[in-house]
Amino acid sequence: MSGPRLVIKPSQWQEMLQHVEQNAPLEACGLLAGKNDSVEKVLLIRNQAQSPVRFVMDPYEQLDAFEWIDSHALDLIGIFHSHPAGPETASVTDIAEAAYEVVSVIWSRAHGEWQARGFWLADGRAINVPLVLSVT
């Protein structure tokens, strides 16, 4: 059996990329809804912290997103946010504040171009999770 992974459509990848780019130099954030390991919907959430080094999801937008997920019989399968100035991995804060057992997608542009990496945050560690772009 293979480990966790996250399957993302190219249009969803672009939606996240556009969100993190538009919010830079502040961190951007959002939720990923789907079934099993396949993303069905990207839900963009405002970063209430308005910070370049921290994100706090707007609680009203987050609640609306959870209600949307439930009403569409989907599951929360991922959370994404950006590190506009790095690091390219989960921060100590990300690991300490991980509240859901889902894949964490972290966007960074430490080398000029935006890139995303997936992590499973648990037990004080960040374990790499493959992000797979679907062809459909």
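Coordinates for the structure precede this section.
Residues numbered from 1 in each chain as written. Predicted model: local features only at pLDDT ≥ 70, side-chain atom pairs only at ≥ 80, totals over all residues. Heavy atoms only, no water.

## Here we look at helix H2 (residues 59–71)
Next up, step 1: Taking 1.5 Å per residue as the helical rise, H2 with its 13 residues ought to reach 18 Å, and the 18 Å between its terminal C-alpha atoms agrees with that figure.
Next up, step 2: Within H2 the residues assigned to the buried category are Gln 62, Ala 65 and Ile 69. An end-on view of H2 places all buried positions within 60 degrees of arc, on one side of the element. In H2, the exposed residues that point more than 90 degrees away from the buried face are Tyr 60, Asp 70 and Ser 71.
Next up, step 3: In this structure, the buried residues of H2 make contact with strand E2 (29–35), strand E3 (38–45) and strand E4 (75–83).
Next up, step 4: Capping of H2 at its N-terminal end is provided by Asp 58; its side-chain oxygen lies 3.0 Å from the backbone amide nitrogen of Tyr 60. (Helix = DSSP H or I, 4+ residues; strand = E, 2+ residues; numbered from the N terminus. Expected span 1.5 Å × (residues − 1). Buried < 20%, exposed > 50% of the residue type's maximum accessible area, 1.4 Å probe, protein only. Arc of directions from axis to C-beta. Contact = heavy atoms within 4.5 Å. Polar contact = N/O pair within 3.5 Å; in protein donor to acceptor, adjacent residues only side chain to side chain.)

## A closer look at the packing of aromatic side chains
Next up, step 1: This structure, assessed with the given rule, holds two aromatic pairs.
Next up, step 2: Ring geometry for Trp 13 against Trp 107: centres 4.8 Å apart, planes inclined by 55 degrees, an arrangement best described as tilted. Pair noted here: Trp 13 is in helix H1 (residues 10–23) and Trp 107 is in strand E5 (residues 103–108), with a separation of 94 residues, a long-range link. This pair shows no difference in class: Trp 13 is buried, exactly as Trp 107 is.
Next up, step 3: Summarising the aromatic geometry, the rings of Phe 66 and Tyr 100 are spaced 5.7 Å apart at their centres and angled 55 degrees between planes, so their arrangement reads as tilted. Pair noted here: Phe 66 is in helix H2 and Tyr 100 is in the loop between helix H3 (92–97) and E5, with a separation of 34 residues, a long-range link.
Next up, step 4: The exposure class assigned to Tyr 100 is partly exposed, which follows from its relative accessible area of 36%.
Next up, step 5: For Lys 41, the ring lying beneath its charged end belongs to Trp 68, and the centroid distance is 5.6 Å. (Phe/Tyr/Trp six-rings, centres within 6.5 Å; stacked < 30°, edge-to-face > 60°. Lys NZ or Arg CZ within 6 Å of the ring centre and 35° of its normal.)

## Observations regarding the layout of surface pockets
Next up, step 1: There is about 510 Å³ of room inside the largest pocket.
Next up, step 2: Listing elements by their share of the lining of the largest pocket, those giving two or more residues are E4, H3 and E5. (1 Å grid on protein atoms, 1.4 Å probe; cavity = no way out; pocket = protein on both sides within 12 Å on 5 of 7 lines; lining within 4 Å. Points joined across faces, edges and corners; volume = space filled by probe spheres on them.)

## Quick look at the pattern of salt bridges
Next up, step 1: If you walk through the whole model with that rule in mind, you get five salt bridges.
Next up, step 2: Salt-bridge contacts for Asp 37 lead to Arg 5; the nearest nitrogen and oxygen are separated by 2.8 Å. Here Asp 37, found in the loop between E2 and E3, pairs with Arg 5, found in the segment before strand E1 (6–8); they are 32 residues apart in sequence, far enough to count as distant.
Next up, step 3: A salt bridge links Glu 21 to Arg 109, with the shortest nitrogen-to-oxygen separation between them at 3.7 Å. With Glu 21 in helix H1 and Arg 109 in the loop between E5 and strand E6 (115–122), this residue pair connects regions lying 88 residues apart in the sequence.
Next up, step 4: Using a relative accessible area of 41% as the deciding quantity, one classes Glu 21 as partly exposed. (Salt bridge = Lys/Arg side-chain N within 4 Å of Asp/Glu carboxyl O.)

Any functional reading would require information that these geometric values do not contain.
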